[in-house]
Amino acid sequence: MSDHRPWAREAIRIIEADFQRSADTHLIPLPLPGLPGIELYFKDESSHPTGSLKHRLARSLFLYALCNGWLKPGAPVIEASSGSTAISEAYFARLLGLPFIAVMPATTSQEKIAQIAFYGGKSHLVQDPTQIYAESERLAQESGGHFMDQFTYAERATDWRANNNIAESIFQQLRCERHPEPSWLISSPGTGGTTATLGRYVRYRQHCTRVLCADAERSVFFEYYQTGDASLRLDCGSRIEGIGRPRVEASFLPKVIDAMVKVPDALSLAAMHYLAQRLGRRVGGSSGTNLIGALIAAQQMQAAGESGSIVAILCDGGERYATTYYDDAWLIGQGYELEELIDAVAASVERGEPLPDSILRANI
């Protein structure tokens, strides 16, 4: 058997050097005029070199695979993804001179496909989004490459105790704020790895912070959280790219989550548009999902007479969705009418009015 350890050592050095050249992501305050005493911040993961929260995951997955001896010089790396993880993995594959193939649903935005190509990766599109796993395994076997399998390894590849994980970064950035220990951390589940990191870290550091997971409409995570039934399946993929899964993924750990909400896609997109207006730049759909989760947590705090801080994840920028979520013709074609819902989100933020209960499902 060939000894690839010298190559792996150099690969790890390259990834670590890239990390040292990078700055941390910003923590952006978003005032809530209608919810006095509660301070909301967004952890802006769009400022990573590859533009999303998945940059952290891709780095961890590459280091995990290298240290496990799974990667070989010149052998392809394959990933099943809805786009953002694939973009970030293509970046790291290029750093190491490895071929990269992203297996994605055919509905993935053209902007994401173009970014994967920019980093030298190839996109392999499948019509049935539930088949991206099997197709990734097939390609890896045929090519002699390695299937990264983010949905299995996300929670174990990330060092949740330290190593500048997202939770540690949030607490360091809050240390000079009025409420340095947040009452809630809000994240939506793609692999489940981020919520696992947040939940584990606050327990490890003995914080009283709670974790709320905001799920997408076409996803089984919320129902799994409620029932514990790991056999749950859907025959369709999520319409909010990057979050929501048609099956229960190994990296989703419900026992480290304190509360969940299931957010209708139309409300996520309305909140996305409202948040983009407030920040003066476009954000992705999952950031809208997280804003709804944050508002639900804030309203719970207000009802209990509590003050404090909340941190939600801004997962990626909206440039990747210019031809979908930010295109009026596309929205109309998909049957989305967002004006009234945008007004409802604005009323919740600015006047403290409750979100429409009839379209939300919560376990909080």
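Thresholds applied
- Residues numbered from 1 in each chain as written.
- Predicted model: local features only at pLDDT ≥ 70, side-chain atom pairs only at ≥ 80, totals over all residues.
- Heavy atoms only, no water.
- Pairing = 2+ DSSP bridges.
- Helix = DSSP H or I, 4+ residues; strand = E, 2+ residues; numbered from the N terminus.
- Axes fitted to C-alpha atoms, helices over the stretch in contact; angles between N-to-C directions.
- Contact = heavy atoms within 4.5 Å.
- UniProt positions renumbered as here; feature names shortened; annotations may be inferred.
- Buried < 20%, exposed > 50% of the residue type's maximum accessible area, 1.4 Å probe, protein only.
- Salt bridge = Lys/Arg side-chain N within 4 Å of Asp/Glu carboxyl O.
- Phe/Tyr/Trp six-rings, centres within 6.5 Å; stacked < 30°, edge-to-face > 60°.
- Lys NZ or Arg CZ within 6 Å of the ring centre and 35° of its normal.

Take the sheet that holds strand E10 (residues 308-314) next. Sheet architecture is open: 7 strands sit in the order E1-E2-E10-E7-E8-E9-E11, paired in mixed fashion. Each edge of the open sheet carries a strand with a single partner, namely strand E1 (26-30) and strand E11 (361-363). The average angle at which neighbouring strand axes cross in this sheet is 20 degrees, direction not considered. Across 3 bridges, strand E9 (residues 259-262) lies against E11 in antiparallel orientation. Note that in E11 the partner of Met260 across the bridge is Asn363. Across the face of the sheet, helix H7 (residues 166-173) comes into contact with E1, strand E2 (38-44), strand E7 (184-187) and E10 while running at roughly 130 degrees to E2.

All right, on to the UniProt feature "modified residue: N6-(pyridoxal phosphate)lysine" (unreviewed entry) in the protein chain then. UniProt feature "modified residue: N6-(pyridoxal phosphate)lysine" (unreviewed entry): in the numbering of this structure it lies at Lys54. Note on placement: Lys54 falls in helix H2 (residues 54-67). What makes Lys54 buried here is its relative accessible area of 13%. Every residue in contact with Lys54, bar those within four places of it in the chain, is listed here: Ser84, Thr85, Ser88, Gln150, Gly190, Thr191 and Gly242.

Here we come to the pattern of salt bridges. Inspection of every chain in the model, using the stated rule, returns 22 salt bridges. A salt bridge links Asp265 to Arg239; the nearest nitrogen and oxygen atoms lie 2.8 Å apart. Of this pair, Asp265 sits in helix H10 (residues 265-279) while Arg239 sits in the loop between helix H9 (221-227) and E9, placing them 26 residues apart in sequence. By relative accessible area, Asp265 is classed as buried at 0%. We classify Arg239 as partly exposed; its relative accessible area is 26%. By sharing partners, the salt bridges in this structure join Asp24, Lys43, Glu45 and Arg56 into a single network.

With the rule as written, the count across this model stands at 15 aromatic pairs. Residues Tyr91 and Tyr119 carry aromatic rings whose centres are separated by 5.5 Å and whose planes lie at 90 degrees to one another, so their mutual orientation is edge-to-face. Taken together, the residues span a long stretch of sequence, with Tyr91 in helix H3 (residues 84-96) and Tyr119 in the loop between helix H4 (110-118) and strand E5 (122-126) at a distance of 28 residues. This pair shows no difference in class: Tyr91 is buried, exactly as Tyr119 is. Seen in terms of ring centroids, Trp160 and Tyr204 are 5.7 Å apart; in terms of plane orientation they differ by 90 degrees. Their pairing is edge-to-face. In this pair, Trp160 is assigned in the loop between helix H6 (150-157) and H7 and Tyr204 in helix H8 (residues 193-204), connecting sequence segments 44 residues apart. Among the aromatic residues, those joined into a cluster by ring pairs are Phe62, Tyr91, Phe92, Phe118 and Tyr119. The side chain of Arg59 reaches across the aromatic face of Phe19, ending 4.1 Å from its centre.

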